[in-house]
Amino acid sequence: MKNGGNMRTNLGRGIFLVIAAILFPSHINSQNSPKTQTGEQSSFSVELEISPIQKPAALSEEALQALAKDNHIRSCLDSQNLPPEKLPANWFIASLIHLHGPNELDLIVLPSGRLPETAKGEISANACLVGASTGGFWVLRQTPAGFQLVLSQMASGLSILKTRSNGLRDIQLYTHASVSEHAITDFRFDGIQYRLFRTRTRPNV
């Protein structure tokens, strides 16, 4: 039974590596990751070993308060008997991004992975933020009133595009559709939130 579980785990990881090589070819070598003209990272994967956050950004209390309003994160907090104001920063890893202009410091937030303080044989407290080859992706926009959560989705990967809608850069999310296909979902900013624009599938080749 154990060998069968290992085979399924290795198969799932192998499929993810194939898809990652297709969607994030330059992330296999992190030194050649796609960058914008400002030198910021613009593509991300839940497999941090494949596509690491190159320049992790600290999450302020203001950013954590915005994240704590998300239903998925609230559910995880409830499972750990934690109130929203006690959301641990080490549950996440973040990267700065400019969605609008050079003066707006926005954030791409992902689950950080297994917490180092987790005892051997126990499940990490933030494990509820990830699924089978997927994880939470949260986009926080900096506004004069503070950080605003403008996108919250489960996916395998995320890319910030150069094209724009209503002033903000478009976003693509990638997920496993099947063993032979992956899905690409486009989100565009409607002036308040990122909304689903279209979804299409592509073969894993």
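Refer to the structure printed above.
One numbering rule holds for all chains: residues counted from 1, following each sequence as written. Owing to the predicted nature of the model, reporting of local features is limited to residues with pLDDT of at least 70; listing and counting of side-chain atom pairs is limited to 80 or more, with chain, interface and lining totals taken over all residues. To get the side-chain values, take all heavy atoms of the structure and skip hydrogens and water.

S.K.: Honestly, the overall build of the protein chain in this entry has me stumped. Any pointers?
M.R.: Numbered from the N terminus, helices here are DSSP runs of H or I no shorter than four residues, and strands are runs of E no shorter than two. What the protein chain contains, in helices and strands, is three helices and 10 strands. In sequence order, the secondary structure elements of the protein chain are arranged as α-β-β-α-α-β-β-β-β-β-β-β-β. Scored against the burial criterion, the 205 residues of the protein chain give a buried share of 44%. In what follows, a contact means two residues having at least one pair of non-hydrogen atoms within 4.5 Å. Across the protein chain, the fraction of contacts at a sequence separation of at least 24, relative to all contacts at a separation of at least 6, is 47%. The rule is simple: take the accessible area with a 1.4 Å probe, protein chains only, and divide by the maximum for that residue type; under 20% is buried, over 50% is exposed, in between is partly exposed.

S.K.: Before we go on, may I ask you to explain the sheet that holds strand S10 (residues 194-203) in this structure?
M.R.: The strand order across the open sheet built from five strands is S1-S7-S8-S9-S10, with neighbouring strands paired in antiparallel fashion. Two strands close off the open sheet at either side, each with one partner strand: strand S1 (43-45) and S10. For this sheet the average axis-to-axis angle between neighbouring strands, irrespective of direction, equals 25°. Should DSSP find at least two bridges between two strands, the strands are taken to pair. Where S1 and strand S7 (residues 157-165) come together, three bridges link them in antiparallel fashion. Bridge assignment links Phe44 to a residue of S7, and that residue is Leu158. Think of each axis as a best-fit line through the C-alpha atoms, taken over the contacting stretch in the case of a helix, with angles from 0 to 180 degrees between the N-to-C directions.

S.K.: Mind showing me how you'd approach the sheet that holds strand S4 (residues 106-111) here?
M.R.: Two orientations exist for strands paired in a sheet by backbone hydrogen bonds: parallel and antiparallel. If you walk across this open sheet you meet the five strands as S2-S3-S4-S5-S6, and the pairing is antiparallel. Strand pairing shows two members of the sheet lacking a second neighbour, strand S2 (56-57) and strand S6 (146-155), which therefore form its edges. Direction of pairing for strand S5 (residues 135-143) relative to S6: antiparallel, over a ladder of nine bridges. Bridge pairing in S6 places Leu140 opposite Leu149.

S.K.: What's the story with the environment of Ala127 in this structure? I'm lost.
M.R.: Take Ala127: it is sitting in the loop between S4 and S5. The spacing of Ala127 and Leu115 is 12 residues in sequence and 9.0 Å in space, taken between C-alpha atoms.

S.K.: Is there a simple way to think about unusual backbone geometry in this case?
M.R.: The phi angle of most residues is negative, glycine excepted, and most peptide bonds adopt the trans form. For Ser133, which is not glycine, the phi dihedral falls at a positive 60°. The residue Ser133 is located in the loop between S4 and S5 in this model. In this structure, Asn166 takes a positive phi of about 50° despite not being glycine. Position of Asn166 relative to the elements: it lies in the loop between S7 and strand S8 (168-176).

S.K.: Please clarify how the environment of Gly167 should be interpreted in this entry.
M.R.: Position of Gly167 among the secondary structure elements: in the loop between S7 and S8. Those residues in contact with Gly167 that lie beyond four places of it in its chain are Leu99 and His100.

S.K.: Would you explain helix H3 (residues 71-79) in this entry?
M.R.: Think of an α-helix as 3.6 residues a turn; residues three or four steps apart then line up on the same face. Listing the buried residues of H3 in full gives Ile73, Cys76 and Leu77. Take H3 and look down its axis: the buried residues cluster within an arc of 100°, on one side only. Across H3 from its buried face, at more than 90 degrees, point the exposed residues Asn71 and Asp78. Where H3 is buried, its residues meet helix H2 (61-67), strand S3 (92-97) and S5. Definition of a polar contact: a pair of N or O atoms within 3.5 Å, with one able to donate and the other able to accept a hydrogen when the atoms are protein atoms, and with sequence-neighbouring residues admitted only if both atoms are side-chain atoms. Among the residues of H3, the N-terminal cap falls to Asp70, whose side-chain oxygen and the backbone nitrogen of His72 are separated by 3.3 Å. Positioned one or two residues after H3, Asn81 has a phi angle of 55°, which is positive. To be clear, the arc concerns the directions from the helix axis to the C-beta atoms.

S.K.: Teacher, can you tell me more about the pairing of S3 here?
M.R.: Successive side chains on a regular strand alternate, one facing one side of the sheet and the next facing the other. Of all six residues in S3, five are buried, a share of seventy percent or more. Bridge count between S2 and S3: two bridges; the pairing is antiparallel. Within the sheet, the bridge partner assigned to Pro56 lies in S3 and is Ser95. Two elements, S3 and S4, share six bridges in a ladder whose sense is antiparallel. What sits directly across from Ile93, in S4, is Leu110.

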